[in-house]
There are 2 protein chains.
Amino acid sequence: MHFSAVKENLTDALQIVQRALSAKNTMAVLSGIHLVCADGQLTMTASDLEVRLEVTLPVEVIEPGETIVQGRGFTDLVRRLPAGRIVFKNTSQDGSDHMTISYGDNTADLYGWPGREYPGFAPEKDPAELTMAAKDFCEAISHTAFTVNADEVRPVFTGLLFQIRGHELTIVGTDSFRLAKKITVLNNKSGDNFDLIIPVRALNEWARIVAAEEDPFEMEISDRQVLFKTANVRLLAQRIRGDFPPFDKVIPSGWQTYVKLERKPLLEALDRASLFSREKDGTLVVTFHIENNLLHIATASEFGKVDENLPVYQEGETVDISFNARYLSEALKAMEDSHLDLTFNGSMGPCVVKPQAADKYLYLLLPLRR
Amino acid sequence: MHFSAVKENLTDALQIVQRALSAKNTMAVLSGIHLVCADGQLTMTASDLEVRLEVTLPVEVIEPGETIVQGRGFTDLVRRLPAGRIVFKNTSQDGSDHMTISYGDNTADLYGWPGREYPGFAPEKDPAELTMAAKDFCEAISHTAFTVNADEVRPVFTGLLFQIRGHELTIVGTDSFRLAKKITVLNNKSGDNFDLIIPVRALNEWARIVAAEEDPFEMEISDRQVLFKTANVRLLAQRIRGDFPPFDKVIPSGWQTYVKLERKPLLEALDRASLFSREKDGTLVVTFHIENNLLHIATASEFGKVDENLPVYQEGETVDISFNARYLSEALKAMEDSHLDLTFNGSMGPCVVKPQAADKYLYLLLPLRR
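Per an unreviewed UniProt entry, chain A goes by Beta sliding clamp and derives from Peptococcus niger. Under the UniProt heading Sequence similarities (unreviewed entry), the entry covering chain A gives this text: "Belongs to the beta sliding clamp family." Per its UniProt entry, chain A bears the Subcellular location (unreviewed entry) comment "Cytoplasm".

(A) Layout of the sheet that holds strand β24 (residues 313-316) of chain A. Residues and elements named next belong to chain A. Pairing is antiparallel across the open sheet formed by nine strands, whose spatial order is β15-β11-β12-β13-β28-β27-β26-β19-β24. Strand pairing shows two members of the sheet lacking a second neighbour, β15 (194-199) and β24, which therefore form its edges. On average, each strand axis in the sheet is tilted by 15° relative to the strand beside it, whichever way the strands run. Inspection of the sheet shows strand β11 (residues 159-165) paired to β15 by six bridges, in the antiparallel sense. Its bridge partner lying in β15, Gln163 is registered against Asp195. Across the sheet, helix α3 (residues 134-144) touches β11, β12 (168-174), β13 (178-185) and β28 (361-365), and the angle it forms with β13 is around 170°. Set on the sheet, helix α6 (residues 263-275) makes contact with β19 (257-262) and β26 (339-344); between it and β19 the angle comes to about 95°.

(B) Focus on helix α4 (residues 200-209) of chain A. The buried fraction of α4(A) is high, at seven of ten residues. Within α4(A) the residues assigned to the buried category are Val200(A), Ala202(A), Leu203(A), Glu205(A), Trp206(A), Ala207(A) and Ile209(A).

(C) A look at the relation of the copies chain B and chain A. The transform that puts chain B on chain A rotates by 180° and translates by 0.0 Å along the axis, for an RMSD of 0.0 Å. In the structure described here, the two chain copies are related by an operation that fits a two-fold rotation axis. Both copies contact each other with a shared surface, as 100% of the interface residues of chain B are interface residues in chain A too.

(D) Inspection of the interface of chain B and chain A at higher detail. Counting residues at the interface gives 28 residues for chain B and 28 residues for chain A. Taken over both partners, the interface formed by chain B and chain A buries close to 2,400 Å², and the fraction arising from carbon and sulfur atoms is 55%. When the buried surface of chain B facing chain A is broken down by residue, Arg80(B), Arg272(B) and Phe303(B) rank first, second and third, together holding 25% of it. Run the count over chain B and chain A and you get two salt bridges. The shortest N-O distance in the salt bridge between Asp271(B) and Arg80(A) comes to 3.4 Å.

(E) A look at the UniProt feature "domain: DNA polymerase III beta sliding clamp central" (unreviewed entry) in chain A. Residues annotated in UniProt with the feature "domain: DNA polymerase III beta sliding clamp central" (unreviewed entry) correspond here to residues 133-245 of chain A. The distance separating the terminal C-alpha atoms of residues 133-245 of chain A is 28 Å; by composition the span is 19% helix and 41% strand.

(F) Fine view of the domain arrangement of chain A. Residues and elements named next belong to chain A. The assigned domain composition of chain A is domain 1 (2-117), domain 2 (128-248) and domain 3 (252-365). Tallying the contact residues gives twelve residues for domain 2 and 14 residues for domain 3. Summing both sides of the interface, domain 2 and domain 3 together bury roughly 1,100 Å²; the carbon and sulfur share of this comes to 54%. Contact with domain 3 buries area across many residues of domain 2, yet His143, Phe146 and Arg178 alone supply 44% of it, more than any other trio. Connecting domain 2 to domain 3 are one salt bridge. Notably, a salt bridge pairs Arg178 with Glu330, separated by 2.7 Å at the nearest N-O pair.

(G) Quick peek at the nonpolar core. Among the nonpolar cores identified, the biggest contains 103 residues, and Phe288(A), Met44(B), Phe74(B), Phe137(B) and Phe162(B) are the most heavily contacted of them. Ranked by size, the runner-up nonpolar core spans 102 residues in total, among them Ala207(A), Ala269(B), Phe276(B) and Ile290(B).

(H) Summary view of the pattern of salt bridges. All names here are of chain A. Following the criterion strictly, the structure yields 40 salt bridges over all chains and no others. Residues Glu308 and Arg272 are paired through a salt bridge, measuring 2.5 Å at the closest nitrogen-oxygen approach. Note that Glu308 is positioned in strand β23 (residues 304-311) and Arg272 in helix α6, a separation of 36 residues in sequence. Each member of the pair, Glu308 as well as Arg272, carries the same accessibility label: buried.

(I) Spotlight on the pairing of strand β18 (residues 233-238) of chain A. All names here are of chain A. Examined bridge by bridge, strand β4 (residues 51-58) and β18 share five bridges and lie antiparallel to one another. Residue pairing in the sheet places Val51 in a bridge with Ala237 of β18. Examined bridge by bridge, strand β17 (residues 225-229) and β18 share five bridges and lie antiparallel to one another. By the bridge assignment for β18, Phe228 is matched with Leu235. From the end of β17 to the start of β18, which pair antiparallel, there are three residues.

Criteria and thresholds
- By convention here, each chain's residues receive numbers from 1 onward along its written sequence.
- Here the convention is simple: chains get letters from A, ligands get numbers from 1, in the order in which they are written.
- Where local features are concerned, this predicted model is filtered to residues with pLDDT of at least 70; where side-chain atom pairs are given and counted, the filter is 80 or more; whole-chain, interface and lining totals use all residues.
- Computation of side-chain values covers all heavy atoms of the structure but excludes hydrogens and water.
- UniProt positions are given in the numbering used here, feature names are shortened, and annotations may be inferred rather than shown by experiment.
- Pairing between strands is defined by DSSP: at least two bridges between them are needed.
- Only DSSP runs of H or I reaching four residues or more are called helices, and only runs of E reaching two or more are called strands; each is numbered from the N terminus.
- Here an axis means a line fitted to C-alpha atoms, over the contact stretch when the element is a helix, while the angle between two N-to-C directions is reported on a 0 to 180 degree scale.
- Any two residues whose heavy atoms approach within 4.5 Å are treated as being in contact.
- Residue exposure (1.4 Å probe, protein chains only): buried if accessible area is under 20% of the type maximum, exposed if over 50%, otherwise partly exposed.
- The fit set for superposing copies consists of C-alpha atoms from residues with pLDDT of at least 70 in both; the fit itself is least squares.
- Buried surface area refers to the total accessible area, computed with a probe of radius 1.4 Å, that the two partners give up upon joining, counted for both partners together.
- We define a salt bridge as a contact between a side-chain nitrogen of Lys or Arg and a carboxyl oxygen of Asp or Glu at a distance within 4 Å.
- The domain limits used here are those given by an automatic or database domain assignment.
- To define a nonpolar core, start from buried Ala, Val, Leu, Ile, Met, Phe, Trp, Tyr and Cys residues and group those joined through side-chain atoms within 4.5 Å.

So, in structure tokens, the structure goes:
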């Protein structure tokens, strides 16, 4: 393998690819980046077996080929090279690879592995093809992904549910204490229905990659995996097996208390109240008392207390309810709307937060026992 | 004590003061901020006994007085208050203080200590008064402070030497492996000579505080302390007792090898070489071979190697010398000059780095045994 490339193109591409590098993986080659050059292009791949990232960029191919370079070393070195065109030449000998990188009159060498040792990726047959606007995707992920803990031990709780019905996509995330549900649209060529759980880590990566993308991206859904792709980046994620909890059952259809309020003052009051809230196993507890069009928040600790009344529009019963303050403020931060609807079902029933006059998004939070 | 103040003024002032708060101090009141209000002003003080910071700001005084508030709690709360005017009212009862903070229709309370419990600061008699341009000070500190380790156990190595001779100020820093010496100017009203060692932490704080200051600041040197002040900020530092090492003796007067080179290419080559340098007790080792107007840097590790030649202007002998790469690159980063003079005294003698054609700054680095 022998090619030359412009440094800036390489660093841009490596910035994406290196995020799938796996430091703790047991397969040594997964600490590497797989390079394949042919047909005027270089394809760089990194994978931790759960998420696989591929970026393609134009290079001047002198001799096609493949190799695996030590991922962290390659990324760090390329970033430190002088601007401009850099020449890469790989030689294989005795089962190990050796890449010589030339810049100006100087050279660096990186030892690696033969390209054929990189684990392949088996494309599945007849995937369903869909496209989606990057902006819709990023918004939906920012409204839902924060409810999911990627380190959770139960696999279905490390992913987001994508429920596709025709051109409608419902994304649901939960950690069993709270739940976010967002309805958005995509272009589903087959028109078929799908229910799939996708690792939240993969979705967060994809949202980061397409954040500035103007064009729609493609999604290919197959039996065991889902492939996201733009013109030059591909992310392959393994679908999570298992049954997603029956989320529609926990969303109450009615309410005992309805409140309409401004989002920002509530978020700011919550922020202050958190400073003094009693901590219970690392959880900051805040309590709301809602009565007579006032939402009263009071917290006290050994070094002070805060006592606030927020004017709200209220219908229905008086309610006293305690929450994990972080769970509520994360949701308020994820919403951009100026006014919100909150509904309560007594002290022990779920609270539902919705942007005012929008039926495409809801956030459900279970109260804490007091 | 009862006063009102504009939130933004308070947060700006607290951002300075809170940096002297001491979390691990044994005196509980040192986790607090001392507030004194009188004559249309609020003075806030924090101290860890080594460094004492005072900021004064205009407030509307309703009733003068003093108190100590819990420092972290006060800072966090004020930052989270709504913009605009905020009312603070302190009451003392049974030996403990209680500050009520009112904003809009809401209130928060902070428990504190009576103001009289805050440790005083004894101004010393007849201090020498000097003034200095903030720009000169900040430049000199950025050229010298990085050589000093504030956590070093030997006290004299935790400070910078200020050697004042008339209007000339020489600042020296060292950790016994490297040394930086910078000559600058100040306005010394008495014209007397001074040798004082000032904690590097205090100097770094002061450089941060006056970084954007147009006016000169004042320095008051007395027997045991040194006071830095602008119109509204005062930093009091305890002078470090002890004898500073006789630095002039270690600076060689001659050289065996003289090299003139461009700073940036050397820094970049060093940066790449560091990636592959062998590590010895956490130290990244790089070796220079200088011969025939070429500076050759080569490093190798288990995952690769780099081999570079930098064209230089050379006089004198060929030299092979090894350095702690970090010590050299920190110095190269502290200099802004495009060209540097390097002099060497064999493999085991000190290397001296100077900006080209400048005699106001030098950096000395001892080589590593190879």
